[in-house]
Amino acid sequence: MKRVMLVVVVVLGSCILVSAQGEQAKTPAKPIREVVVMRAQGIADVQKKLQGLNKVEELIGGAGMELRVALQHENNTTAPTAELHDASDDVYYVLDGTATLTLGGTLESPKEVEPGEWRGPRIVGGQKVEIAKGDLIVVPRGTPHHRSTANQDFMMILIKVFADPRPAPKQ
């Protein structure tokens, strides 16, 4: 009986010691990169640069990051295909203009154009949503989506949140 008690005391003591060491060793995470502060004037300069162009200007992102932030301008255009991302969420913040989104449903005849990036000619059973200046839209990974700016001038901030850091570009 004394042996059993001794074993119990030793095991409990070891557990308490390991637990205490684990608590002492744990510290808050350190920043993985510098903070980014983009002033309104810098964003306005990029907006002016994109006016009249169907173009995306990347503001933040790149290899090793789980995030991409871009300013996107579209004028009277409709994406040729709908899309779906296996491992990234899209966040749109509309800066100016309007667009029509088709969200949800099923991607028709999906083809994987890059790992985890799917395209299809259209969405079956999706919901059409009109978006305008000031709207914030979150499109979770796995959601078919398509955007049209036919007869519209449209500018948004696009934020992509990736499940894993982006790989370095292939050389």
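What to know about helix 2 (residues 40-50)
1) Next: Along helix 2, the residues classified as buried are Ile 43, Val 46 and Leu 50. Across the axial projection of helix 2, the buried residues extend over an arc of 60 degrees, all falling on one side. Facing away from the buried side of helix 2 by more than 90 degrees, the exposed set consists of Ala 40 and Lys 48.
2) Next: The inward-facing, buried residues of helix 2 contact strand 1 (55-60), strand 2 (67-75) and strand 12 (153-162).
3) Next: One or two positions beyond helix 2, positive phi appears at Gly 52, with a value near 80 degrees.

A word on the pattern of salt bridges
1) Next: Using the criterion set out here, one finds eight salt bridges in the structure.
2) Next: Its salt-bridge partner being Glu 74, residue Arg 147 comes within 2.8 Å of it at the nearest N-O pair. Taken together, the residues span a long stretch of sequence, with Arg 147 in strand 11 (residues 145-148) and Glu 74 in strand 2 at a distance of 73 residues.
3) Next: A relative accessible area of 9% means that Glu 74 is categorised as buried.
4) Next: Residue Glu 117 pairs with Arg 119 through a salt bridge whose shortest N-O separation is 3.7 Å.
5) Next: Classification of Arg 119 as partly exposed rests on a relative accessible area of 23%.

Quick word on unusual backbone geometry
1) Next: Phi at Asn 76 takes a positive value of approximately 50 degrees, unusual for a residue other than glycine.
2) Next: With respect to the element layout, Asn 76 can be found in the loop between strand 2 and strand 3 (82-85).
3) Next: With relative accessibility at 45%, the residue Asn 76 sits in the partly exposed group.

Quick notes on the rules
- Residues numbered from 1 in each chain as written.
- Predicted model: local features only at pLDDT ≥ 70, side-chain atom pairs only at ≥ 80, totals over all residues.
- Heavy atoms only, no water.
- Buried < 20%, exposed > 50% of the residue type's maximum accessible area, 1.4 Å probe, protein only.
- Helix = DSSP H or I, 4+ residues; strand = E, 2+ residues; numbered from the N terminus.
- Arc of directions from axis to C-beta.
- Contact = heavy atoms within 4.5 Å.
- Salt bridge = Lys/Arg side-chain N within 4 Å of Asp/Glu carboxyl O.

What is shown is where atoms sit, not what they do.
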